[in-house]
Structure formats: C-alpha cells, structure tokens
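So the chains spell out like this:
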Amino acid sequence: MKPFLQKLGCADAAIASNGAELLDTEGNVIWRQILDQNTAHSILDFAADHHCYAHTYEGATFHYQMIGSKWAEAYQRSSLLTGVHENNLHAFVDKHPTNKILLISESRIITTLFQDALRIFSGKASVSTSKPQYLEFNPFGTSKGNALTMVMQQMKVPMEQVCAFGDGINDISMLQAAGLGIAMGNASAEVQNAADAVCMTNEEDGIAQYLEAHAELFELTLGLDQCN
C-alpha cells in the first residue's frame with residue numbers, strides 16, 4: 001500500500017490486512033494484530049489438505065512454499081510485492097508471526113473452501129474474500145469495519161459522518177459500519193445489497209464520479225484534483 005499512499009498524498013491513515021493492521025501516511029505500521037500461532041498452522045494444514053496454494057507476509061514480501069504454481073507469479077505482478085520461496089512455511093510462520101494468510105485457487109474451489117473455512121475456523125480466525133480466487137484468514141475479531149471504527153474514534157469523527165466505498169466481500173463490514181456505505185458498480189450483488197448506495201465501476205472512476213456528483217454532501221470546497 002505504501003506507493004499508493006504516497007501517490008495519493010491525502011491520506012491520514014490506512015487500513016491493511018482486512019483490518020488487522022493500521023498504517024501511517026508513510027506506510028509504516030502503527031498497530032497490528034497477530035494470528036494465533038496454532039491457528040496459523042491449522043490454516044496452513046487446511047491449505048495443504050486441499051492442495052491449495054498459500055502464502056503469508058513480511059513487510060513488502062510474501063512467502064510461499066508451493067513450487068510450480070501459477071499463483072505466486074500472478075500475485076507478484078498484481079500486488080507489487082516480491083515473492084520469496086520457503087522450504088517450509090510452517091517454520092517460517094514460527095519465526096515470523098503473521099496477521100494474514102492468503103489461499104489462492106480457481107474461483108469454484110474457493111467458493112467451496114470458503115464455506116468450509118467459515119465452519120472450521122469459527123471463533124478462531126476471521127475468514128473473508130476480496131476476489132473470487134482469494135480466501136483470506138486474519139486474526140479472530142478483525143475486520144475493516146472494526147478497524148475503521150477504531151481509526152474514527154481516534155480522530156474523533158462520528159461514524160455517521162463517515163463514507164466508505166468497497167467492492168469485495170471483505171468490505172461489507174466497513175460499508176455497514178460507515179454512516180454511508182457505497183458499493184462499487186462492479187461489486188457482487190451481496191456487497192451491493194449491504195450498501196446504502198451504488199456508484200459506477202472502478203473502471204469508470206466510480207469513487208471520483210460519486211464524490212463530484214455529491215460534492216455538497218461531502219463539503220468538497222478545495223477540489224478533487226488535490227487527491228488524484
């Protein structure tokens with residue numbers, strides 16, 4: 001997220017890892033919650049049992065064990081992070097406690113694994129998905145909605161004055177926590193149904209279009225070009 005924060009130049013804070021991590025304006029971690037170690041190992045076992053690619057994170061690198069998988073290379077291209085192969089991901093997690101483990105597979109497989117993971121890790125981890133091919137595990141109780149609420153409390157901003165945009169299943173808690181939750185036009189029906197309104201798609205600059213159309217509501221008196 002660091003290069004995007006620097007490019008925006010107008011963020012006071014950033015929520016990462018599905019709400020398990022808060023960053024300052026330079027992309028430095030100011031708060032994070034860690035997965036229980038036993039749970040982290042159980043998640044890795046869950047991935048192995050289903051022959052599913054999995055990786056975890058450390059700073060600007062992600063660490064994976066499965067060789068010959070197309071997913072590591074694809075994720076490196078899309079995330080701007082560097083992938084590092086590990087001989088034993090369990091051993092890596094022992095030395096580097098994490099707040100997120102990501103499983104990647106075909107969307108039809110993830111759909112099934114998502115339901116299984118919700119049942120198996122109930123009360124142990126937060127399970128979500130941001131893309132059809134992703135199955136994401138974070139510390140139990142973490143969510144974007146909880147993190148957004150925490151940040152706004154620190155900034156002394158009432159939640160009814162907060163607007164949030166999102167397009168993934170992992171954004172639903174944030175859309176529901178905000179006073180005004182807006183789903184992107186490319187979001188699934190489940191996400192759109194959880195929102196107060198729907199804007200245009202991300203490819204159509206939906207957020208900017210919505211802010212410009214409702215400038216009076218957001219009291220945007222200085223112009224949107226300051227945050228391009």
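Calculation notes
Residues numbered from 1 in each chain as written. Predicted model: local features only at pLDDT ≥ 70, side-chain atom pairs only at ≥ 80, totals over all residues. Heavy atoms only, no water. Helix = DSSP H or I, 4+ residues; strand = E, 2+ residues; numbered from the N terminus. Rg over C-alpha atoms; globule rule 2.2 N^0.38 Å. Buried < 20%, exposed > 50% of the residue type's maximum accessible area, 1.4 Å probe, protein only. Contact = heavy atoms within 4.5 Å. Areas by Shrake-Rupley, 256 points an atom, 1.4 Å probe, with all protein chains shown as cover. Salt bridge = Lys/Arg side-chain N within 4 Å of Asp/Glu carboxyl O. Pairing = 2+ DSSP bridges. Axes fitted to C-alpha atoms, helices over the stretch in contact; angles between N-to-C directions. Phe/Tyr/Trp six-rings, centres within 6.5 Å; stacked < 30°, edge-to-face > 60°. Core = buried A, V, L, I, M, F, W, Y, C linked by side-chain atoms within 4.5 Å.

Student: Is there a simple way to think about the overall build of the protein in this case?
Tutor: For the protein, the helix and strand inventory stands at ten helices and twelve strands. The C-alpha radius of gyration of the protein comes to 18 Å, within 12% of the 17 Å expected for a compact globule of 228 residues. Considered along the principal axes of its C-alpha atoms, the protein spans approximately 55 × 35 × 30 Å. Looking at the protein as a whole, 41% of its 228 residues qualify as buried. Partitioning the intrachain contacts of the protein with sequence separation of at least 6 by distance along the chain shows that 46% fall at a separation of at least 24. Taken as a whole, the protein presents about 12400 Å² of accessible surface, with 50% of it coming from carbon and sulfur.

Student: Help me understand the pattern of salt bridges in this model?
Tutor: Tallied over the full model, the rule gives six salt bridges. Its salt-bridge partner being Arg77, residue Glu73 comes within 3.3 Å of it at the nearest N-O pair. Taken together, the residues span about one helical turn, with Glu73 and Arg77 both in helix H3 (residues 70-79) at a distance of four residues. For the pair Glu73 and Arg77, a shared accessibility class is recorded, and that class is exposed.

Student: So what exactly am I meant to see when it comes to the environment of Cys163 here?
Tutor: Here Cys163 is to be found in strand S10 (residues 163-166). The partly exposed category is assigned to Cys163, whose relative accessible area is 25%. Counting along the chain gives 39 residues from Cys163 to Lys124, while the straight-line C-alpha distance between them is 30 Å. Not counting the four nearest positions on each side in its chain, Cys163 is found in contact with Ala178, Leu180, Ile182 and Phe218.

Student: Would you mind going over the sheet that holds strand S3 (residues 29-32) with me for this structure?
Tutor: Strands belonging to one sheet form pairs held by backbone hydrogen bonds; the direction of such a pair is parallel or antiparallel. Reading across the sheet, the three strands line up as S1-S2-S3 and stay open at both edges, with antiparallel pairing between neighbours. Looking at the sheet topology across the chains shown, the edges are occupied by strand S1 (14-16) and S3. Here the average twist between neighbouring strands, direction ignored, is 25°. When strand S2 (residues 21-23) meets S3, the two strands line up antiparallel, connected through three bridges.

Student: Whenever I open this one, the packing of aromatic side chains confuses me. Can you help?
Tutor: For the structure shown, the criterion picks out nine aromatic pairs. Ring geometry for Tyr53 against Tyr64: centres 6.1 Å apart, planes inclined by 40°, an arrangement best described as tilted. Taken together, the positions of Tyr53 in strand S4 (residues 53-58) and Tyr64 in strand S5 (residues 61-64) put the pair eleven residues apart, joining distant regions of the chain. Here Tyr53 matches Tyr64 in class, with each residue buried. Ring pairs connect the aromatic residues Tyr53, Tyr57, Phe62, Tyr64, Tyr75 and Tyr134, which therefore count as one cluster.

Student: What am I meant to see in the environment of Ile15 here?
Tutor: Looking at where Ile15 falls in the secondary structure, it is placed in strand S1. By relative accessible area, which is 23% here, Ile15 ends up partly exposed. Taking the C-alpha atoms as reference points, Ile15 and Gly145, 130 residues apart in sequence, are found 9.9 Å from one another. Excluding residues within four positions of it along the chain, Ile15 makes contact with Met1, Glu21, Leu22, Lys144, Ala147, Leu148 and Val151.

Student: When you look at the nonpolar core in this model, what are you seeing that I'm missing?
Tutor: The tendency in soluble globular proteins is for nonpolar side chains to be buried side by side. In terms of nonpolar packing, the biggest core is built from 22 residues, with Ile43, Phe46, Leu103, Phe121, Leu135 and Phe137 touching the most fellow members. Only helix H2 (37-49), helix H4 (89-95), strand S7 (101-104), helix H5 (107-120), strand S8 (125-128) and strand S9 (134-139) provide two or more residues apiece to this core. A per-element tally of this core places H2 first, with five residues. Those residues in contact with Leu135 that sit more than four places away from it in its chain are Phe46, Ile101, Leu102, Leu103, Ile110, Leu113, Phe114, Ala117, Val127 and Ser128. Listed in part, the 16 residues of the second largest apolar core include Leu22, Met159, Ala178 and Ala183.

It is worth stressing that arrangement in space is one thing and function is another; only the former is reported here.
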